Amino acid sequence: MEKNPQMSIFEAVTKHKISQLARKYGDKLVVKVWKEIKTAGGDEAFFSVCGWKSEMTLMEALECLEAYCDFIEAMIRKNHEKGEEKREFSTAGAL
């Protein structure tokens, strides 16, 4: 089965964005969040909200992709902040 061009672009840009996020937040956190998104069916839910369809123009697909990458980063930031709060609480409790 042949992939449509939008999905090929989506996959390439997503891999690039995930690499950028891994450099910014660390590999472990990005992998943890990525697994959570995949396990929870986040892709399908997000694409239905985003309105992803194979007939999209390139511009529509890129806009959807940008929103998806923002969604991923928001989830990473949320997990990152939880980790920071845990460390602060642990440090304060040790005093």
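Parameters and conventions
Residue indices begin from 1 for each chain and proceed along its sequence in written order. Reporting of local features is limited, given that this is a predicted model, to residues whose pLDDT is at least 70; pairs of side-chain atoms are given and counted only at 80 or more, and all residues count toward the totals for whole chains, interfaces and linings. To obtain the side-chain values, all non-hydrogen atoms of the structure were included, while hydrogens and water were left out. Definition used in this section: a nonpolar core is a set of buried Ala, Val, Leu, Ile, Met, Phe, Trp, Tyr and Cys residues joined via side-chain atoms within 4.5 Å. Exposed residues in this analysis have more than 50% of their type's maximum accessible area, buried residues have under 20%, and partly exposed residues fall in between, with area computed by a 1.4 Å probe over protein chains only. Segments assigned H or I by DSSP are reported as helices when at least four residues long, segments assigned E as strands when at least two residues long, and all are numbered from the N terminus. By definition, residues are in contact when any of their heavy atoms lie within 4.5 Å. Residues qualify for a patch when their relative accessible area is over 30% and they have no salt bridge, like charges being joined within 9 Å and the nonpolar side chains of Val, Leu, Ile, Met, Phe, Trp and Tyr within 5 Å. Here the Shrake-Rupley method, with its probe set to 1.4 Å, supplies the accessible areas, and only the displayed protein chains count as covering residues. For this document, the term salt bridge refers to a Lys or Arg side-chain nitrogen within 4 Å of an Asp or Glu carboxyl oxygen. Each residue carries a pLDDT value, the predictor's own confidence for that position, ranging from 0 to 100.

**Looking at the nonpolar core**
A general trend in soluble globular proteins is that nonpolar side chains are found buried together.
No. 1: The biggest cluster of nonpolar side chains holds 18 residues, and the ones touching the most others in it are L21, Y25, V30, W52, I72 and I76.
No. 2: The set of elements that each furnish at least two residues to this core consists of α1 (5–25), α2 (27–39) and α4 (58–94).
No. 3: Broken down by element, the residue count for this core peaks at seven residues, all from α4.
No. 4: Here I72 is in contact with I18, L21, V33, W34 and I37, once residues within four sequence places are set aside.

**Describing a nonpolar patch on the surface**
No. 1: Where nonpolar side chains cluster on the molecular surface, the patch consists of I9, V13, L58 and L62 and spans about 280 Å² of accessible area.
No. 2: Turning to its location among the elements, L58 is positioned in helix α4.

**Examining the side chain of E73**
No. 1: Turning to its location among the elements, E73 is positioned in helix α4.
No. 2: Not counting residues up to four positions away in its chain, the partners in contact with E73 are K17, L21, K24 and Y25.

**Observations concerning the confidence of the model for the protein chain**
No. 1: Summing up the model confidence of the protein chain, the mean pLDDT is 77 and the portion of residues at 70 or higher is 75%.
No. 2: Across the protein chain, element-level confidence peaks in α2 with a mean pLDDT of 86 and bottoms out in helix α3 (residues 42–50) with 68.

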